[in-house]
Amino acid sequence: MFLALARTWTVALAFAAFAAYAPVALVRRRARLRRDELRDLWPDVVDNLASAVRAGLSLPEALTQVGVRGPVPLRRPFARFGEDYRATGRFSDCLDRLKAQLADPVADRIVESLRLAREVGGTDLGRLLRTLSAFLREDARTRAELETRQGWTVNAARLAVAAPWVLLGMLSVRTEAVQAYDSGPGVIVLGLGAAVCVVAYRLMLRLGRLPEEQRVLR
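We now turn to the structure provided with this report. (Residues numbered from 1 in each chain as written. Predicted model: local features only at pLDDT ≥ 70, side-chain atom pairs only at ≥ 80, totals over all residues. Heavy atoms only, no water.)

## Comments concerning the overall build of the protein chain
- Helix and strand counts for the protein chain stand at nine helices and zero strands.
- The secondary structure elements of the protein chain, listed N-terminal to C-terminal, are α-α-α-α-α-α-α-α-α.
- Whereas a compact globule of 218 residues would reach a radius of gyration of roughly 17 Å, the protein chain reaches 25 Å, over 25% beyond that.
- With respect to the principal axes defined by its C-alpha atoms, the protein chain has extents near 75 × 35 × 25 Å.
- On the protein chain, roughly 13,800 Å² of surface is accessible, and the fraction owed to carbon and sulfur atoms is 61%. (Helix = DSSP H or I, 4+ residues; strand = E, 2+ residues; numbered from the N terminus. Rg over C-alpha atoms; globule rule 2.2 N^0.38 Å. Areas by Shrake-Rupley, 256 points an atom, 1.4 Å probe, with all protein chains shown as cover.)

## Details of helix α2 (residues 9–54)
- Between its first and last C-alpha atoms α2 spans 68 Å; for 46 residues at 1.5 Å apiece the expected length is 68 Å, and the two agree.
- Within α2, the axis deviates most sharply at L41, by approximately 35 degrees, and proline P43 lies no more than four positions further along.
- Downstream of α2 by a residue or two, G56 has a phi angle that is positive, lying close to 95 degrees. (Expected span 1.5 Å × (residues − 1). Bend = angle between axes of the 7 residues up to and from the residue.)

## Points about the packing of aromatic side chains
- Applying the stated rule across the entire model yields five aromatic pairs.
- On the basis of an interplanar angle of 90 degrees and a centroid distance of 5.7 Å, the ring pair of F15 and F18 is categorised as edge-to-face. Note that F15 and F18 are positioned in helix α2 at a spacing of three residues, about one turn of the helix.
- You can call F15 buried: its relative accessible area is 15%.
- Here F18 falls in the partly exposed class, since its relative accessible area comes to 38%.
- Consider the rings of F18 and W165, whose centres lie 5.0 Å apart with planes at 80 degrees: the pair is edge-to-face. Placement of the pair is F18 in helix α2 and W165 in helix α7 (residues 125–171), with a sequence separation of 147 residues.
- Owing to a relative accessible area of 11%, W165 belongs among the buried residues under this scheme.
- Site record: aromatic cluster; members linked through ring pairs are F15, F18 and W165. (Phe/Tyr/Trp six-rings, centres within 6.5 Å; stacked < 30°, edge-to-face > 60°. Buried < 20%, exposed > 50% of the residue type's maximum accessible area, 1.4 Å probe, protein only.)

## So, the side chain of T10
- Among the structural elements, T10 can be located in helix α2.
- Judged by its relative accessible area of 16%, T10 is buried.
- Excluding residues that lie within four positions of it along the chain, T10 makes contacts with Y181, D182, V187 and L190. (Contact = heavy atoms within 4.5 Å.)

## Re a positive patch on the surface
- Among the surface-exposed residues, R28, R202, R206 and R209 lie close enough to one another that they form a single positively charged patch.
- Relative to the helices and strands, R28 resides in helix α2. (Patch = residues over 30% accessible without salt bridge, like charges linked within 9 Å, V, L, I, M, F, W, Y side chains within 5 Å. Salt bridge = Lys/Arg side-chain N within 4 Å of Asp/Glu carboxyl O. Lys, Arg positive; Asp, Glu negative; His and termini not counted. Charge placed at Lys NZ, Arg CZ, Asp CG, Glu CD.)

## Considering the pattern of salt bridges
- Scanning all chains against the criterion turns up eight salt bridges.
- Of the charged contacts, one joins R76 and E83 as a salt bridge, the two residues approaching to 3.5 Å between their closest N and O atoms.
- Taking the shortest distance from any N to any O, the salt bridge between R115 and E112 comes out at 3.2 Å. Taken as a pair, R115 and E112 lie in helix α6 (residues 105–120) at a separation of three residues, close to a single helical turn.
- Residues joined by salt bridges that share partners form a network here, namely D96, K99, E112 and R115.

Dropping the structure here:
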């Protein structure tokens, strides 16, 4: 589109690179939104498990109940756990499949706590789940406050990086205004500008990124 508009190969290639990166950026954004959504849902899952355990249900029954009464986005993996357990009766193997489907560090901790409780027994599982629920809610509240405070700074930095390219796109309407970028010096200027923007954008993301919990109990 930009080649037909500006008739300048260098400008067209620059915007083609942006378009090629767009699907990657979209997938990363959706993954980040999913992590944020799950961060708010895990306390409800833990509360469901604690209530079921307190009511006298077995651990397989408690996990299966999350697939019926738990948060809607997380019901399907727990429903599959119930189906697997009814079909095989192997609690540990079904937990492994549940953990692989959820692929979340909080889910790893919950699953391993339940596995340990199943294997060695004990009466502290309810207290552990309630403590974990309170911790997860406090963590989600703190992270939401930090993300709100840093949002203006991050968005301003993104705008600063995007502004030169928006201006270049507007100049592309007038072919004579961007013809200079097809020359040797123009290619150098455009390349250096792109490199500076990429480095600045990556640096901004690194400096503004909040620490993410890693999966250590796979």
